[in-house]
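Letter by letter, the chains look like this.
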Amino acid sequence: MRVLHLTDPHLFADRKGSLRGAVTYDTLRAVLAHYRASGFAADLVALTGDIVQDDSAGAYGHCRELLSSLGLPVYCVPGNHDVRHLMREMLPQPPFTYCGSLESGNWLIVFIDSCIEGSAGGRIAESELQRMEDTIAASSAGHVMIGLHHPPVAMQSRWLDTVGLGNGSEFLARAAACGRVRVAIFGHVHQDYDAPHEGIRLIATPSTCRQFLPRADEFAVDDRPPAYRRIELQPDGSIDAELVWVERA
């Protein structure tokens, strides 16, 4: 199964809306154009939060417009900048699925909500952890991928680690106890991350707009370009993942 991982587009109702010097509608459009020209034929899009920046229905409308054009199912989770009720209202039906799951071949993918209302940091509610476990238990798939917004481990960045996933250790322990979780993908951190923890490969994809400077004590913006990730989930449980930077014209 081939997954196109997109995250943190931070769209505005105004198509010219800019986040730290990046016109976010244009950077997402450039990322999608690069994907179309790449020859990588995804089976689905994983969109891991912070879809909008300005709390507007119009920004979600732009997301719907741009991603629907791919002709792929889009599985999305909220980020701390998202407005859950607007996200559900504006992305209510196929090709979009809110915090859903799917099974294909020997893989199950489960998307979970890691957000706390009014907080930049995250925490997975007990009900959501239980839904994850129940969904995995009900599946016969041999391998599982989890999608969420917040990082379950520290990024070694003092400011960023104050707004990570508050119960990341619990999430990893419960995911590992399921016995079949091979990988978890997330956003929020606006930088590349790919390392194993508790036997689970953790992968963060940089934003489709601006990036954060890795390992910074104070907030700082990196000069890396927009990005996306191509993930191939193999029948034997192995994972091939390629990070693609989209250089500005």
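Anyway, here's the lowdown on the structure attached to this text. A quick note: this is a predicted structure, and the numbers were derived from the prediction, not measured. (Residues numbered from 1 in each chain as written. Predicted model: local features only at pLDDT ≥ 70, side-chain atom pairs only at ≥ 80, totals over all residues. Heavy atoms only, no water.)

## Observations regarding the overall build of the protein chain
And then number 1: Along its length, the protein chain carries five helices and 16 strands.
And then number 2: A globule of 249 residues ought to have a C-alpha radius of gyration of about 18 Å, and the protein chain, at 17 Å, matches this closely.
And then number 3: Across its three principal axes, the protein chain shows a C-alpha extent of roughly 45 × 40 × 35 Å.
And then number 4: For the protein chain, with 249 residues in total, the buried portion stands at 57%.
And then number 5: Counted over contacts in the protein chain with a minimum sequence separation of 6, partners at least 24 positions apart contribute 67%.
And then number 6: Per element, the accessible surface of the protein chain, about 9900 Å² overall, is 49% carbon and sulfur.
And then number 7: Averaging the positions of the 22 positive and the 31 negative side-chain charges in the protein chain gives two centres separated by 3 Å. (Helix = DSSP H or I, 4+ residues; strand = E, 2+ residues; numbered from the N terminus. Rg over C-alpha atoms; globule rule 2.2 N^0.38 Å. Buried < 20%, exposed > 50% of the residue type's maximum accessible area, 1.4 Å probe, protein only. Contact = heavy atoms within 4.5 Å. Areas by Shrake-Rupley, 256 points an atom, 1.4 Å probe, with all protein chains shown as cover. Lys, Arg positive; Asp, Glu negative; His and termini not counted. Charge placed at Lys NZ, Arg CZ, Asp CG, Glu CD.)

## Some details on helix α2 (residues 57-68)
And then number 1: Along its 12 residues, α2 runs 16 Å from first to last C-alpha, staying within 8% of the 16 Å computed at 1.5 Å per residue.
And then number 2: Among all positions of α2, only A59, Y60, G61, H62, C63, L66 and L67 are buried.
And then number 3: Considering only its buried residues, α2 is in contact with β1 (2-6), α1 (24-38), β4 (44-47), β5 (74-76), α3 (84-90) and β6 (96-98). (Expected span 1.5 Å × (residues − 1).)

## Structural notes on the packing of helix α4 (residues 126-137) against helix α5 (residues 168-177)
And then number 1: The geometry of α4 relative to α5 is characterised by a closest axis approach of 10 Å and an angle of 20 degrees between their N-to-C directions. Accordingly, the angle class assigned to the pair α4 and α5 is roughly parallel. The way α4 lies across α5 gives a crossing that is right-handed. Contact residues: α4 offers E126, L129, Q130, M132 and E133, while α5 offers E170, F171, R174 and A175.
And then number 2: In terms of residue class, the contact of α4 with α5 is built from four nonpolar, one polar and four charged. (Axes fitted to C-alpha atoms, helices over the stretch in contact; angles between N-to-C directions. Parallel < 35°, antiparallel > 145°, perpendicular 65-115°, else oblique. Left-handed = near helix turned anticlockwise from the far one by under 90°. Nonpolar A, V, L, I, M, F, W, Y, C, P; charged D, E, K, R; others polar.)

## Some words on the packing of aromatic side chains
And then number 1: Applying the stated rule across the entire model yields five aromatic pairs.
And then number 2: For the pair W159 and F212, a centre-to-centre distance of 5.1 Å together with 70 degrees between the ring planes defines the contact as edge-to-face. Taken as a pair, W159 in the loop between β9 (143-147) and α5 and F212 in strand β13 (residues 211-212) lie far apart in primary sequence, 53 residues in all.
And then number 3: Aromatic pair W159 and F219: ring centres 5.1 Å apart, planes at 75 degrees, arrangement edge-to-face. Taken together, the residues W159 in the loop between β9 and α5 and F219 in the loop between β13 and β14 (221-222) connect sequence positions 60 residues apart. (Phe/Tyr/Trp six-rings, centres within 6.5 Å; stacked < 30°, edge-to-face > 60°.)

## Remarks on the sheet that holds strand β11 (residues 193-197)
And then number 1: Overall, mixed pairing links the six strands, which are arranged β7-β8-β9-β10-β12-β11 in an open sheet. Of all the strands in the sheet, just β7 (101-104) and β11 have a single pairing partner and so form its edges. Ignoring strand direction, the axes of neighbouring strands in this sheet form an average angle of 15 degrees.
And then number 2: Relative to strand β12 (residues 200-204), strand β10 (residues 181-186) runs parallel, the two sharing four bridges. (Pairing = 2+ DSSP bridges.)

## What to know about the environment of E247
And then number 1: Considering the arrangement of structural elements, one finds E247 in the segment after β16 (239-245).
And then number 2: On the accessibility criterion, E247 (59% relative accessible area) is exposed.
And then number 3: When the C-alpha atoms of E247 and T27 are compared, they prove to be 10.0 Å apart, with 220 residues separating the residues in sequence.

## Observations concerning the sheet that holds strand β15 (residues 227-233)
And then number 1: Taken together, six strands build an open sheet; the order of strands is β6-β5-β4-β1-β15-β16 and the sheet is mixed. On the outer flanks of this sheet lie β6 and β16, each paired with one strand and no other. The mean inter-strand angle of the sheet, taken between neighbouring strand axes irrespective of direction, is 20 degrees.
And then number 2: Pairing of β1 with β4 involves four bridges; the strand directions are parallel. From the neighbouring strand, L6 faces β4, where its bridge partner is L47.
And then number 3: Each of β1, β15 and β16 is contacted by α1, which is oriented at about 40 degrees to β15, the strand it contacts most.
And then number 4: Seen against the sheet, α2 touches β1, β4, β5 and β6 and runs at an angle of roughly 130 degrees to β6.

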